[in-house]
Structure formats: C-alpha cells, structure tokens
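# What the coordinates show
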Amino acid sequence: GLANDLDGVWSVDLIRAFKPDPRVYRLATDGFGLKTDELCRVSSNRWDIAGATAFGMRAIWVNRAGLPQEYAELAPVAVVNDLNGIG
C-alpha cells in the first residue's frame, strides 16, 4: 500500500553493490537530482541508517523490536517504533 507514496524506486542490481556502499545511497541522490542532505532514509536496519548517515543523508530508524542503539557516532535524526511514527 505504499506505491502511491513513493517518488522513486531504484535497485542495487544497477550498480552491483550493497548497502552500506555509498554508491547505493547515490542511486537516490542521482535519481532525484538532490543533495544528500535533502533526502531522508527510512529503514528498520540500524546498519543501513549508519551507512546513510555516513553518506550525509538524514535518516530515521524504524526500531520495531526496541533494539539497543549501535553506531552512536552515526545517529539517526529520529527513532520511531513503526511507520506511523513518521510524520
């Protein structure tokens, strides 16, 4: 049910790399034609949030399981319990 809310979808198949490789996050900046700090990455994977933050994106961690904080030096801008917490 998210299709109408998405502006773009890119696949790592295009670059044959996986997160947290910076080229993966660059797919979005290039695809939207935006700077890194103009995008926000939303993920339930803490390592993905760390990778996006290291790339320069704002990031929101969907921490459904209430996991402990990791990668303190690459903190998200927000932590939410589920997608309803994104506003």
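In what follows, the accompanying structure is described.

So, how was this worked out
Residues numbered from 1 in each chain as written. Predicted model: local features only at pLDDT ≥ 70, side-chain atom pairs only at ≥ 80, totals over all residues. Heavy atoms only, no water. Helix = DSSP H or I, 4+ residues; strand = E, 2+ residues; numbered from the N terminus. Buried < 20%, exposed > 50% of the residue type's maximum accessible area, 1.4 Å probe, protein only. Contact = heavy atoms within 4.5 Å. Areas by Shrake-Rupley, 256 points an atom, 1.4 Å probe, with all protein chains shown as cover. Lys, Arg positive; Asp, Glu negative; His and termini not counted. Charge placed at Lys NZ, Arg CZ, Asp CG, Glu CD. Right-handed = clockwise from strand over helix to strand, strands pointing away. Pairing = 2+ DSSP bridges. Axes fitted to C-alpha atoms, helices over the stretch in contact; angles between N-to-C directions.

## Some points on the overall build of the protein chain
Each helix and strand counted, the protein chain has two helices and three strands in total. Secondary structure elements in the protein chain, listed N-terminal to C-terminal, are α-β-α-β-β. With the C-alpha coordinates of the protein chain rotated into their principal frame, the extents come out at 35 × 30 × 20 Å. In the protein chain, which comprises 87 residues, the share counted as buried stands at 28%. A fraction of 23% describes how many contacts in the protein chain between residues 6 or more apart in sequence connect residues 24 or more apart. Carbon and sulfur atoms provide 51% of the accessible area of the protein chain, an area that totals close to 5,900 Å². With 9 positive and 11 negative side-chain charges, the protein chain shows a separation of 4 Å between the mean positions of the two kinds.

## Topic: the pairing of strand 2 (residues 58-62)
Of all five residues making up strand 2, four are buried, and the element is well covered by its neighbours. Taking the sense of rotation as the criterion, the β-α-β connection linking strand 1 (residues 40-43), helix 2 (residues 46-55) and strand 2 turns out right-handed. Where strand 2 lies against strand 3 (residues 78-80), three bridges are found, and the strand directions are parallel. Counted as the bridge partner of Ile60 is Ala78 from strand 3.

## Considering the sheet that holds strand 2
Strand pairing within a sheet occurs via backbone hydrogen bonds; the two strands may be parallel or antiparallel. Read from one edge of the open sheet, three strands run 1-2-3, paired in parallel fashion. Both edges of this open sheet fall to strand 1 and strand 3, since each of them pairs with a single strand only. Going across the sheet, the axis of each strand differs from the next one's by a mean of 20°, ignoring polarity. Bridge count for strand 1 against strand 2 is four bridges, and the pairing is parallel. Among the inter-strand pairings, Arg41 is bridged to a residue of strand 2, identified as Ala59.

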